[in-house]
Amino acid sequence: MGFFDFFTEEIAIDLGTANTLVIHNDKVVVDSPSIVARDIMTGKIIAAGKEAAMMQGKTHENIKTIRPLKDGVIADFDASEKMISMFIKDIPALKKKIFAPALRMVICIPSGITEVEMRAVKESAERVNGKEVYLIHEPMAAAIGIGVDIMQPKGNMIVDIGGGTTEIAVIALGGIVCDKSVKIAGDVFTNDIIYYMRTQHNLYVGERTAEKIKIQIGAATEDLELPPEEMNVQGRDLLTGKPKQVQISYREMAKALDKSILRIEDAVMETLSQTPPELAADIYNTGIYLAGGGSMLRGLDKRLSQKTDLPVYIAEDPLRAVVRGTGITLKNLNRYKSVLIK
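Residues numbered from 1 in each chain as written. Predicted model: local features only at pLDDT ≥ 70, side-chain atom pairs only at ≥ 80, totals over all residues. Heavy atoms only, no water.

**Some remarks on the packing of helix α6 (residues 138-146) against helix α12 (residues 321-331)**
- Close contact between α6 and α12 brings their axes to 6 Å; oriented N to C, the two are set at 85°. Our classification of the angle between α6 and α12 gives roughly perpendicular. When α6 is examined against α12, the residues Glu 138, Ala 141, Ala 142, Ile 144, Gly 145 and Ile 146 are found in contact with a partner set consisting of Ala 321, Val 322, Arg 324, Gly 325, Thr 326, Ile 328 and Thr 329.
- Here the contact of α6 with α12 is composed, by residue class, of 7 nonpolar, 4 polar and 2 charged. (Axes fitted to C-alpha atoms, helices over the stretch in contact; angles between N-to-C directions. Helix = DSSP H or I, 4+ residues; strand = E, 2+ residues; numbered from the N terminus. Parallel < 35°, antiparallel > 145°, perpendicular 65-115°, else oblique. Contact = heavy atoms within 4.5 Å. Nonpolar A, V, L, I, M, F, W, Y, C, P; charged D, E, K, R; others polar.)

Shown next as structure tokens:
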């Protein structure tokens, strides 16, 4: 292995519906939206990541923005492959190399994924020069990233709210005991806001604007301790067709998102109800850990806590918890052998 190792680079990838993150040498070197722009005439991918995200919703007929991942699963194989390879080529340390190095990769995938979808991820990775490709389930990676010792005979509950899926899992002894993957997450929240603005304000807003609203004033409950200020939103008036601006508050967002959050609550309750009693006893003491971008929704922790009567903790830097965990497994491949899917 010695000689081959010299040419091998190790990278950890969190291939997300909304954002893709890559760790190389213990540093997050790529943190970009999972989106590419394709030139329709030539079929070439002209931009990926942040650059393509700027184009979203503003394209003419010769350019199309594509989100290659839907609900945490590769929907557009070609685009996702190009996106991964563009991100890998962007890594500063790999740019200097004369040869494209062989890659040892750990990639995380949603827990509700099928065999076929798993192979798609693997093949994508092998096409971009991945010589050893390992996969890890998202809630596992999140747990490791949060800092939970997953090998202990103790139950821990992780709720990872990403862009495409919400992953809920109870983990013990380095394995997933019971899990649930629901397709209600950040993207659905964004669409809820678009729908709310249309029905309540007759204002048509785009995806990027809706996401901005979600981040700035999104809330899961109407009684927040530190409420955000009201926000001005611009869009197209559906009655007159003119551009217009309305002012909205976090209370409206709590109403808009209520149904989707209820469904996440239900999924958490269902997972708790399937947990073996010994592990349920552990969870009573350890509580629930939240990770993923969706966990940053104001008041969500409080709301889940009231629903489950358990303490709820948000991971530090929840957006990067999963990729951090993926990076840790990459460094200690032998310790986490049992967690990885070859």
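Let's pick the thread back up.
**Re a nonpolar patch on the surface**
- A cluster of nonpolar side chains, namely Phe 7, Ile 98 and Phe 99, defines an oily patch on the protein surface of about 380 Å² accessible area.
- Positionally, Phe 7 belongs in the loop between α1 (2-6) and β1 (8-15).
- Note on Phe 7: relative accessible area 34%, which makes it partly exposed. (Patch = residues over 30% accessible without salt bridge, like charges linked within 9 Å, V, L, I, M, F, W, Y side chains within 5 Å. Areas by Shrake-Rupley, 256 points an atom, 1.4 Å probe, with all protein chains shown as cover. Salt bridge = Lys/Arg side-chain N within 4 Å of Asp/Glu carboxyl O. Buried < 20%, exposed > 50% of the residue type's maximum accessible area, 1.4 Å probe, protein only.)

**Quick word on unusual backbone geometry**
- One non-glycine residue, Asn 25, lies in positive phi territory at about 55°.
- Take Asn 25: it is sitting in the loop between β2 (19-24) and β3 (27-33).
- Located in the positive-phi region is Leu 173, a residue other than glycine, with phi close to 50°.

**Re the UniProt feature "binding site: ATP" (unreviewed entry) in the chain**
- Feature annotation in UniProt assigns "binding site: ATP" (unreviewed entry) to the following positions: Thr 17, Ala 18, Asn 19, Gly 163, Gly 164, Thr 165, Glu 211, Lys 212, Ile 213 and Lys 214.
- With respect to the helices and strands, the residue Ala 18 is situated in the loop between β1 and β2.
- Residue class for Ala 18 comes out partly exposed when judged on its relative accessible area of 24%.
- When near neighbours in sequence (up to four residues on either side) are disregarded, Ala 18 contacts Ser 32, Pro 33, Ser 34, Arg 67 and Gly 163.
- Of note, Lys 214 is situated in helix α8 (residues 207-217). (UniProt positions renumbered as here; feature names shortened; annotations may be inferred.)

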